[in-house]
Amino acid sequence: RFIAVLLVLLTLPEPGLTKDKITMVYRPTQKAPFISEAPSNEGLWKDVFSEAARKIGLEFEVKRYPKKRAYFYLESGDVDFYPGASFKPYREKIGYFIDNCITLQGTMLLYRDDITINDVSEIKKYKLLYNMGGTTSFYKYSGVDVKRNTLIEVPNLDIEKAVVMIKAKHSDFYAYDITAVETYLQKNEISGVKKLPVRYDHVVDHLLFSKKSRYYKEKSNSDYDPEKALGIDNLPYTLDESAIAYRFQKALKLMQKSGEIKSLYRKRFEILSRN
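Our subject in this report is the structure included herewith. A quick note: this is a predicted structure, and the numbers were derived from the prediction, not measured.

What follows deals with the packing of helix 2 (residues 44–55) against helix 8 (residues 244–258). Running from N to C, helix 2 and helix 8 point in directions that differ by 115°, and their axes come no closer than 9 Å. Along this stretch, helix 2 crosses helix 8, giving a crossing that reads as right-handed. Where helix 2 abuts helix 8, its residues Val48, Phe49, Glu51, Ala52, Ala53 and Lys55 lie against Phe248, Ala251, Leu252 and Met255. A breakdown of the residues in the contact of helix 2 with helix 8 according to their chemical character gives eight nonpolar, no polar and two charged.

Following this line, the structure appears as structure tokens:
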């Protein structure tokens, strides 16, 4: 009986060794190089966020749900953050925007091979593809005036589906992360579509941290200007320094400053190119 009790005790975790988890939520589709298609969670987001979590003594986990459900769990606090989100008033009520410190490199505009353009300014009156429930931020960052175009919203749109639709002339243009598109095209030896790369200067991406998360705590923002429109850089509140969310944000910024995120970025693309 003594040996049996001893074996049970040996299998229990030592006090203080069980770590809390910080949970990222994302839809099941892939967004290379940031995350693979579910059930795999491999990608740059996991590389970066798991390391930031480790630095503040937390485990890291990923949950995959359709986007509406993902935001439902974000709003309820059952998950902690969504990795990439642009500012919208309804999202501001759900969570706090934190620089995810993974700098966007640019957009790759894919378009039909029978279209001839020399500059982004010429992209008008064309049909633009974008993901249902997503944003048109890749077009806007590139300087495309989306109001002058027809927008075609497609559920679960990814690079592969976009290429098929453009080749079949169901649409004219598709804009997505430049590195992800270049990696996909090279890996799959795609032909029959044209490319227009647009490089960014200092475009910042954000994660949305749930206000209902146990790791979130806010305080009033003394820099808030009520005369200006609400935005990521102008909110009446900010993160409290005692919050885990603040420590997570600080860990990401230190990783960016030290060059650690750049190193993880290079390693991720070395893996993609080998595969």
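What follows picks up the thread again.
Summed over the entire model, instances satisfying the criterion amount to 12 salt bridges. The salt bridge involving lysine 55 is made with glutamate 260; its shortest N-O contact spans 3.3 Å. Placement of lysine 55 in helix 2 and of glutamate 260 in helix 9 (residues 260–274) is noted, with a sequence separation of 205 residues between them. Among the ionic pairs, aspartate 172 bridges to arginine 112, the shortest N-O distance being 2.5 Å. Here aspartate 172 is found in the loop between helix 6 (159–167) and strand 8 (173–177), whereas its partner arginine 112 is found in strand 5 (residues 106–112), with 60 residues between them in sequence. Since its relative accessible area comes to 4%, aspartate 172 is described here as buried. Salt bridges here are not isolated pairs; linked through shared partners, they connect Glu51, Arg54, Lys55 and Glu260.

Okay, the side chain of arginine 27 next. When you line up the elements, arginine 27 lands in the loop between strand 1 (21–26) and helix 2. In this structure, arginine 27 is buried with no salt-bridge partner, the nearest side chain bearing the opposite charge being aspartate 158 at 9.1 Å. Here tyrosine 26 takes part through its side chain, which lies 3.2 Å from a polar atom of the side chain of arginine 27. Within the structure, the side chain of arginine 27 is placed 3.1 Å from the side chain of threonine 29, a separation counted as a polar contact. Apart from residues lying up to four places away in sequence, arginine 27 is in contact with Arg64, Tyr65, Lys67, Tyr82 and Asn131.

With that settled, consider helix 7 (residues 178–188). Since the α-helix turns once every 3.6 residues, residues separated by three or four places project in the same direction. Among all positions in helix 7, only Ile178, Thr179, Ala180, Val181, Thr183, Tyr184 and Leu185 are buried. For helix 7, the N-terminal cap is aspartate 177; the gap from its side-chain oxygen to the backbone nitrogen of threonine 179 is 3.2 Å.

As a further point, take the nonpolar core. Residues Ile22, Met24, Val48, Phe49, Phe81, Phe209 and Phe248 are the most contacted members of the largest nonpolar core, which totals 46 residues. Discounting residues that sit within four places of it in the chain, phenylalanine 248 has contacts with Ile22, Phe49, Ala52, Ala53, Ile56, Phe81, Leu207 and Phe209. In this structure, Leu109, Ile123, Ile159 and Tyr200 belong to the second largest nonpolar core, which totals 37 residues.

A few words now on the sheet that holds strand 9 (residues 193–199). The strand order across the open sheet built from five strands is 7-6-8-5-9, with neighbouring strands paired in mixed fashion. Taken across any chain shown, the strands that pair with only one partner, and hence form the sheet edges, are strand 7 (150–154) and strand 9. Neighbour-to-neighbour, the strand axes of the sheet open up by a mean angle of 30°, direction not taken into account. Two strands pair when backbone bridges link them, and strand 5 and strand 8 are joined in this way by five bridges, in the antiparallel orientation.

Locating lysine 67 in the fold gives a position in helix 3 (residues 67–76). Taking C-alpha positions, lysine 67 is 29 Å from aspartate 201, a pair spaced 134 residues apart along the chain. Apart from the residues lying within four places of it in its own chain, the contact partners of lysine 67 are Arg27, Tyr82, Arg91, Gly133 and Gly134.

By the burial criterion, the buried members of helix 3 are Lys67, Ala70, Tyr71 and Leu74. For helix 3, the arc enclosing every buried residue in end-on projection is 95°, short of the 170-degree limit, so these residues lie on one face. Of the exposed residues in helix 3, the ones pointing more than 90 degrees away from its buried face are Lys68 and Phe72. For helix 3, the elements touching its buried residues are strand 1, strand 3 (81–82), helix 4 (89–94) and strand 10 (206–210). Glycine 77 sits one or two positions beyond helix 3 and adopts a positive phi of about 85°.

Applying the stated criterion across every chain yields a total of 18 aromatic pairs. For the ring pair phenylalanine 72 and tyrosine 73, a centre distance of 5.6 Å and an interplane angle of 65° mean the geometry is edge-to-face. A relative accessible area of 22% places tyrosine 73 in the partly exposed class. Relative to tyrosine 237, the ring of tyrosine 96 lies with its centre 6.0 Å away and its plane at 55°, an arrangement referred to as tilted. Here tyrosine 237 lies in strand 12 (residues 237–239) and tyrosine 96 lies in strand 4 (residues 95–99), a separation of 141 residues in the sequence. A single burial state applies to tyrosine 96 and to tyrosine 237, both of which are buried. Put simply, the rings of Tyr26, Phe34, Trp45, Tyr71 and Tyr82 touch in pairs and so form one group of aromatic residues.

The rules behind these values
Residues numbered from 1 in each chain as written. Predicted model: local features only at pLDDT ≥ 70, side-chain atom pairs only at ≥ 80, totals over all residues. Heavy atoms only, no water. Axes fitted to C-alpha atoms, helices over the stretch in contact; angles between N-to-C directions. Helix = DSSP H or I, 4+ residues; strand = E, 2+ residues; numbered from the N terminus. Left-handed = near helix turned anticlockwise from the far one by under 90°. Contact = heavy atoms within 4.5 Å. Nonpolar A, V, L, I, M, F, W, Y, C, P; charged D, E, K, R; others polar. Salt bridge = Lys/Arg side-chain N within 4 Å of Asp/Glu carboxyl O. Buried < 20%, exposed > 50% of the residue type's maximum accessible area, 1.4 Å probe, protein only. Lys, Arg positive; Asp, Glu negative; His and termini not counted. Polar contact = N/O pair within 3.5 Å; in protein donor to acceptor, adjacent residues only side chain to side chain. Core = buried A, V, L, I, M, F, W, Y, C linked by side-chain atoms within 4.5 Å. Pairing = 2+ DSSP bridges. Arc of directions from axis to C-beta. Phe/Tyr/Trp six-rings, centres within 6.5 Å; stacked < 30°, edge-to-face > 60°.

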